[in-house]
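The chain contents come next:
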Amino acid sequence: MKKSQLSDKQLEDLLGQMPKIKDHRDSRDIYQNIAHRVEKRKKMPAWIIPGAALAAVLFLAFILSPGLLGNNTSEQMSMDSKSATGEKSSMEMDTAISDDSAKKSAVEKENTLLRDSADKKEEAEEFIKMDKANPYDGLISVYPDEFDTEASEIFTYAIPDQQAQAVVPVTVTRPKETGKTWIESYTETMQMLKEVDWGLTDYYPMDASWSYEEATKTLSIDVKEDHPFRNGSTPNVIFVDAMTQNFSRKGIERMMLTTEGNPGIDLGNYGQMEELPLNAKTTKRRAYLFLSVEGMSNPYLVPTKEQHKTITEAFAQMWKGDEIGYLSPSLPENFKLAKTESNDKVLEITLKDETKLQEDFMPNLEAILMTASEFDYKGVRFTNANIDQLGPFNLKEVLPLPLAPNKKNIESE
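Attention here is on the structure that accompanies the text. (Residues numbered from 1 in each chain as written. Predicted model: local features only at pLDDT ≥ 70, side-chain atom pairs only at ≥ 80, totals over all residues. Heavy atoms only, no water.)

This part covers the overall build of the protein. Looking only at helices and strands, one finds 7 helices and 16 strands in the protein. Across the 413 residues of the protein, 32% fall into the buried class. Considering only contacts in the protein between residues 6 or more positions apart, those separated by 24 or more positions represent 64%. (Helix = DSSP H or I, 4+ residues; strand = E, 2+ residues; numbered from the N terminus. Buried < 20%, exposed > 50% of the residue type's maximum accessible area, 1.4 Å probe, protein only. Contact = heavy atoms within 4.5 Å.)

Following this line, the structure appears as structure tokens:
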């Protein structure tokens, strides 16, 4: 509503123009009415004033309460802050502990992984060693799987035993050397043989000169005038036997003998010989027997001088030994055969039920394998064997034949 713009004079004139109002009540009635109201005020209850005072106090308290409440809130906030600080500190401690635990757990996990890794590495190295290890170590003969024909050469030397009663074929291998002929490597290797350490006679190297003509496949040996092969019957017999065993299977067709450039060598009981016959057939179809030497873990496999028509005849001698009893049997009496037969160049050996093979049969098995190689078999298979595995050989499969007997390591010995 807009503020009035009338002056006081105008208001008085306006009010004067309004009709007059008269109170027709008696003056006494007006007085009594006023008196009654005053009396009514005088009769107000006694609790009104204290109540009003209390209301005033409460009103003041209400006005003052935000300050008090603020103090309390501040104190509460302080307490809450302290509590929150404590909780934060506790949480920080818990977090720190949790972090420490996590770190420890991580370290332990890392250590566990490292240990596992080390264990796996060691296990892998063991597998590598096992893979690199020769499964034929500890056996008597040399087998195809342990010989690399591309990188190595194999040499067999016939060496007399200490009593000069038998000639033992000993086999060694050496890395091939570029530019050297077979006979050069063969004669150089003679100087590395350790016959005495092997329980045999010190026989090599020979005091002789060697040469080989590839075109004519002729091997020549030239000895000194005072050579030892003429003295007595044993040295010349051993010489002829050793040379025959050494070279008969090397593809050599002739072996010429000279003494200081002159034809022939005086070989005692054999007389003067200018050429030594080499016939590969004379080193075939033999049986292998045992020669035990003190200090050696395995017996030597020694071929008989006798040749046999069949493998059955060879087995018969392997049960008996040699005629003079010097070489011992290579088959035990309890080794019973049901039959032997040839099947596609594989020697099939069927055992009787009472034949029980054990680990100590390993040398006997090698004698069988070497003898089978003399008869041009490609392998040996057993039927009715009581065990499946003997050394590195799975008796359920065709067994490989050795390349040569009585291996020795000249590199480390």
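Once the structure has been displayed, the description carries forward.
Our focus in this paragraph is the packing of helix α6 (residues 311–320) against helix α7 (residues 362–374). Two numbers describe how α6 lies on α7: the axes approach to 11 Å, and their chain directions differ by 145°. Along this stretch, α6 crosses α7, giving a crossing that reads as right-handed. Within the contact between the two elements, α6 uses Ile311, Ala314, Phe315 and Met318 and α7 uses Ala367, Ile368, Thr371 and Ala372. Class assignment for the residues of the contact of α6 with α7 results in 7 nonpolar, 1 polar and no charged. (Axes fitted to C-alpha atoms, helices over the stretch in contact; angles between N-to-C directions. Left-handed = near helix turned anticlockwise from the far one by under 90°. Nonpolar A, V, L, I, M, F, W, Y, C, P; charged D, E, K, R; others polar.)

Let us look at the pattern of salt bridges. For the coordinates displayed, the defined rule picks out 15 salt bridges. In this structure, aspartate 207 and lysine 224 form a salt bridge, with 3.7 Å as the shortest nitrogen-oxygen distance. Of the two residues, aspartate 207 is situated in the loop between α4 (182–190) and β3 (208–213) and lysine 224 in the loop between β4 (218–223) and α5 (233–247); the sequence distance between them amounts to 17 residues. Residue classification places aspartate 207 among the exposed positions, given a relative accessible area of 55%. (Salt bridge = Lys/Arg side-chain N within 4 Å of Asp/Glu carboxyl O.)

With 6 bridges joining them, strand β12 (residues 337–343) and strand β13 (residues 346–351) adopt antiparallel strand pairing. Looking at the pairing, asparagine 343 lines up with valine 346 of β13. Remark: 2 residues form the turn of the hairpin made by β12 and β13, two consecutive strands paired antiparallel; aspartate 344 in that turn has positive phi of roughly 55°. (Pairing = 2+ DSSP bridges.)

A word on the side chain of arginine 286. Note that arginine 286 resides in the loop between β9 (275–276) and β10 (288–291). For arginine 286, a relative accessible area of 8% gives the class buried. Within the structure, arginine 286 has its side chain in polar contact with the side chain of glutamate 374 (distance 3.0 Å). When sequence neighbours within four positions are dropped, the list of residues in contact with arginine 286 reads Gln245, Arg249, Pro303, Thr304, Glu306, Gln307, His308, Thr371, Glu374 and Phe375. (Polar contact = N/O pair within 3.5 Å; in protein donor to acceptor, adjacent residues only side chain to side chain.)

On to α5. With 15 residues, α5 extends 22 Å between its outermost C-alpha atoms, agreeing within 8% with the 21 Å of an ideal straight helix rising 1.5 Å per residue. For α5, every residue scored as buried is listed here: Asn236, Ile238, Phe239, Val240, Ala242, Met243, Thr244, Gln245, Asn246 and Phe247. (Expected span 1.5 Å × (residues − 1).)

Further remarks concern unusual backbone geometry. Following tyrosine 204, the chain continues into proline 205 via a peptide bond in cis, with omega recorded as 0°. Residue placement: proline 205 occurs in the loop between α4 and β3. Located in the positive-phi region is aspartate 344, a residue other than glycine, with phi close to 55°. Relative to the helices and strands, aspartate 344 is located in the loop between β12 and β13. Backbone geometry places aspartate 376, a non-glycine residue, at a positive phi of 65°. By the element assignment, aspartate 376 lies in the loop between α7 and β14 (379–383).

Next up on the list: the environment of glutamate 306. Examined against the element boundaries, glutamate 306 turns out to sit in the loop between β11 (300–303) and α6. Separated by 19 residues in sequence, glutamate 306 and alanine 287 place their C-alpha atoms 7.9 Å apart. If sequence neighbours within four positions are ignored, glutamate 306 has contacts with Arg285, Arg286, Gln317 and Glu323.

In terms of nonpolar packing, the biggest core is built from 80 residues, with Tyr204, Trp210, Met243, Met255 and Phe382 touching the most fellow members. In terms of residue count, α7 provides more of this core than any other element does, 7 residues in total. If sequence neighbours within four positions are ignored, methionine 255 has contacts with Trp210, Leu219, Ile221, Met243, Phe247, Glu274, Glu275, Leu276 and Leu278. (Core = buried A, V, L, I, M, F, W, Y, C linked by side-chain atoms within 4.5 Å.)

Residues of α6 that are buried: Ile311, Ala314, Phe315, Gln317 and Met318. Seen end-on, α6 carries its buried residues on one side only, within an arc spanning 160°. Among the residues trailing α6, glycine 321 stands out with phi positive, at a value near 95°. (Arc of directions from axis to C-beta.)

Attention now moves to the pairing of β13. Among the 6 residues of β13, 6 are classified as buried, and the element is accordingly described as predominantly covered. With burial as the criterion, each face of β13 is covered, one bearing Val346, Glu348 and Thr350 and the other bearing Leu347, Ile349 and Leu351. The pairing of β13 with β14 spans 5 bridges and is parallel. Paired with glutamate 348 across the two strands is arginine 381, which belongs to β14. Taking the sense of rotation as the criterion, the β-α-β connection linking β13, α7 and β14 turns out right-handed. (Right-handed = clockwise from strand over helix to strand, strands pointing away.)

These figures capture arrangement, not role.
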